[in-house]
Amino acid sequence: MNKENHHTIARIIFSILWGKCDLHDREILEQWQSQKQSRRFLVSRLTQPRYLKSGLQVFTSFDSFEGLDTLKREVKRRKRSRMISRIASGAAVILLAVTALLLYPNRGLQEEENHLLTTSYNPGASKARLLLPDGTQLDLSSQTTASQGDFRISGYDFSNTGEELSYYHPADMEGEENEINHHILQVPRGGEYRLVLPDGTRVWLNADSEIRFPGHFRDRERRVWLTGEAYFEVVKNTEQPFIVETQNMKTQVTGTAFNVSAYPGEDSHTTLLSGGVVVRTDDQNIPLKPGMQVLLTAKGSEVHSVVAGDFISWKDKRFAYRNRTFQDITRELERWYDVKIAIPDQQVAQERLTVNLPKYEKMDKVLEILSDIACVKFIVTNEKITVLPDK
Amino acid sequence: MNRIENDEQLITDLNTGDKRAFEAIFHRFYTPLCFFANRFVEDEEAARDIVQEIFMWLYEKKVTFDSLLGVKSYLYSGVHNKSINHLEKKRSQSRIREKIKAGLSEAMEEADEYLIETEVFEMIFSAIEELPSACRQIFKMSYIEGKGIRDIASQLNISEATVKTQRQRAKKYLRERLENFYPMLLSLFF
């Protein structure tokens, strides 16, 4: 059925509404309707006042003037982002400037480039929320000085610097019984935070992560639950093994330094830096030595030898990637800059890169570096960033 | 949204990249295309995004057309494809399973029916657009958006008496100019 026939049927239906439908047209319509039941339903819907009224409400809610405005803004945005990627992949002089950016973040250049993009995503900062068993919530961040300092809340003693929350060893809490509820520290997208647990273990939490732990470690084990990513430096205590439980893995240690990454929907991994751990999955117990990593994919678990330092660069000032896919890299950027990045082209997504990115720069800086190295261009809108090959 | 434009001239201008022609095409097809997309994806925001992307293609790809019907085909088939894509991405499992079971011809039939719906609504909308501008706005706010006289008066910063007068004018105009259509509109809005 071609476009002309659509129009004919629509015109006939409209003429029924008009009250001016001749016999000939009625025959055409009847013949058309009789071929399919769904067509009869269509005609009866379209002659029903209630259906027409609600349909018109929807129809008129799509305003073409608003739509045109949105389109014009998008056109401007694309022109600007094309300018950025051309700068990054252009002449030798400009290439030198980009290399300089990699080595020495130059604030002067940053000022200039901010004019070129209307939407500039800011890097993350220290922020977190603490949930106590009695329901109290504490917002912690480097911006809120009110939450910084030493204090006691709900019977627990803390110290908060705006970047790190420390629990004091609760020597005088012997009376507490049956503490089933745990404490939860939540780090949002675009955030990061450090935690010192009641036993002195230090934890660095990456963006979009959450750790659940008891107010003091009483049991035979020190057990915590993690979603997202954290790096641990565990205080040695052979009588009380430390266990990090995630959805698919349990990592058991006695005293050691390791990184656990368990974001929902992504492959989980545990990387050991020093000491020793045993990673338990559903069907295996995998002991690790320093420099080794357990990777859990849909197919099962794999053990790799890695440069462990790469996997904890996030807790310092950089994101270091060695032969990682573009997809993996943008996922981390999505969490840190709290933005959506779409890679429609599978070849681009699976491309492997080795790159070292500064964490605390505005996103356009990072995108420049990536577009230079990976031969891609970025289309930036308010809602998301799309990555396309740049030929 | 005047159709005074000569269609041939419009296409020639569009092909040479004339911005004004692009905008005329935009205004002509934007609303029905969004309505069409929305019938598939049942998500007004997503429908707007889809239609915007198709117009971006039109703006950037510099395709040449030989008729208005050609432009219309291009736009509608683009929106159709993107809508199906969107449904698949959203993993609306049950809807996809339905469609796969039904087969390709059923999918085309569905598109045809949504197209007919869209055209009928376009025609009704055009009839309303023929009202003189002052009473048209009040007619829309009264009978399509369902706003009360007091709301309309305060929103447009006019007196309630004026609102009532304009509503009467709209009814009178419709009664005179759109004779036989009037009873149908009446039942729609009263």
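Residues numbered from 1 in each chain as written. Chains lettered and ligands numbered in written order. Predicted model: local features only at pLDDT ≥ 70, side-chain atom pairs only at ≥ 80, totals over all residues. Heavy atoms only, no water.

Caption draft 1: Seen up close, the pattern of salt bridges. Residues and elements named next belong to chain A. Taken as a whole and assessed by the stated rule, the structure comprises 32 salt bridges over all chains. Aspartate 199 is paired through a salt bridge with arginine 222; the nearest N and O atoms lie 2.5 Å apart. Pair noted here: aspartate 199 is in the loop between β7 (191–196) and β8 (202–205) and arginine 222 is in strand β10 (residues 222–233), with a separation of 23 residues, a long-range link. We classify arginine 222 as buried; its relative accessible area is 1%. Residues aspartate 328 and arginine 324 are paired through a salt bridge, measuring 3.6 Å at the closest nitrogen-oxygen approach. Aspartate 328 sits in the partly exposed class, given a relative accessible area of 30%. Look at the salt bridges and you will find they share partners, linking Glu266, Arg324, Asp328, Arg331 and Arg335 into a network. (Salt bridge = Lys/Arg side-chain N within 4 Å of Asp/Glu carboxyl O. Helix = DSSP H or I, 4+ residues; strand = E, 2+ residues; numbered from the N terminus. Buried < 20%, exposed > 50% of the residue type's maximum accessible area, 1.4 Å probe, protein only.)

Caption draft 2: Highlighting the interface of chain B and chain A. Contacts between chain B and chain A engage 48 residues on the former and 47 residues on the latter. Buried area between chain B and chain A, both sides added, is near 4,600 Å², and the carbon and sulfur share of it is 71%. Put simply, Glu23(B) and Lys72(A) hold a salt bridge, and the shortest N to O gap is 3.3 Å. Inspection of the chain B/chain A interface yields 12 residue pairs in polar contact (both at pLDDT 80 or more). Contributions of two or more residues to the side of chain B that touches chain A are made by α2 (19–41), α3 (44–61), α4 (68–89), α6 (104–129), α7 (133–144) and α10 (181–189) of chain B. A total of 16 residues in the side of chain B that touches chain A trace back to one element, the largest contributor, which is α6(B). Residues belonging to the side of chain B that touches chain A are distributed by class as follows: 28 nonpolar, eight polar and 12 charged. (Contact = heavy atoms within 4.5 Å. Buried area = accessible area lost by both parts, 1.4 Å probe. Polar contact = N/O pair within 3.5 Å; in protein donor to acceptor, adjacent residues only side chain to side chain. Nonpolar A, V, L, I, M, F, W, Y, C, P; charged D, E, K, R; others polar.)

Caption draft 3: A look at the pairing of strand β4 (residues 156–160) of chain A. All names here are of chain A. Burial of β4 is extensive: four of the five residues sit out of reach of the surface. Note that strand β3 (residues 149–153) and β4 share five bridges and pair antiparallel. Along β4, the bridge assignment pairs isoleucine 153 with tyrosine 156. What sits between the antiparallel neighbours β3 and β4 is a turn of two residues, in which serine 154 has the positive phi angle 55°. (Pairing = 2+ DSSP bridges.)

Caption draft 4: Helix α4 (residues 49–60) of chain A, seen in detail. All names here are of chain A. With 12 residues, α4 ought to run about 16 Å at 1.5 Å a step, and its terminal C-alpha atoms sit 16 Å apart, in line with that. Looking at α4, one finds that the buried residues are Leu52, Gly55, Leu56 and Phe59. Each buried residue of α4 lies within a common arc of 105° when the element is viewed along its axis, so the set occupies one face. (Expected span 1.5 Å × (residues − 1). Arc of directions from axis to C-beta.)

Caption draft 5: Expanded view of the packing of aromatic side chains. Overall, the coordinates contain 22 aromatic pairs over all chains when judged by the stated rule. With 5.8 Å between their ring centres and 85° between their planes, Trp336(A) and Tyr360(A) make a pair best called edge-to-face. Of this pair, Trp336(A) sits in helix α8 (residues 326–337) while Tyr360(A) sits in the loop between β21 (352–358) and α10 (363–374), and the two are 24 residues apart along the sequence. Each member of the aromatic cluster is reached from another via a ring pair, and the members are Tyr51(A), Phe59(A), Phe35(B), Phe121(B) and Phe125(B). Taking the ring centre of Trp204(A) as reference, the NZ or CZ of Lys315(A) above it sits at 4.7 Å. Cation over ring: Lys359(A) sits above Trp336(A), and NZ or CZ is 4.4 Å from the ring centre. (Phe/Tyr/Trp six-rings, centres within 6.5 Å; stacked < 30°, edge-to-face > 60°. Lys NZ or Arg CZ within 6 Å of the ring centre and 35° of its normal.)

Caption draft 6: Looking closely at the sheet that holds strand β23 (residues 384–389) of chain A. Residue and element names in this part refer to chain A. Spatially, β20-β23-β22 is the arrangement adopted by the three strands of the open sheet, whose pairing is mixed. Looking along the sheet, the strands with just one partner apiece sit at the ends: β20 (340–342) and β22 (376–380). Put simply, the sheet's adjacent strands are angled 25° from each other on average, direction ignored. Pairing geometry for β20 and β23, over three bridges, is parallel. Bridging across to β23, alanine 342 finds its partner in threonine 386. Contacting β20, β22 and β23, α8 runs over the sheet at an angle of about 160° to β20. The sheet strands contacting α10 are β20, β22 and β23, and the helix crosses β22 at an angle near 150°. (Axes fitted to C-alpha atoms, helices over the stretch in contact; angles between N-to-C directions.)

In short, the description is geometric, and any link to function would need to be established separately.
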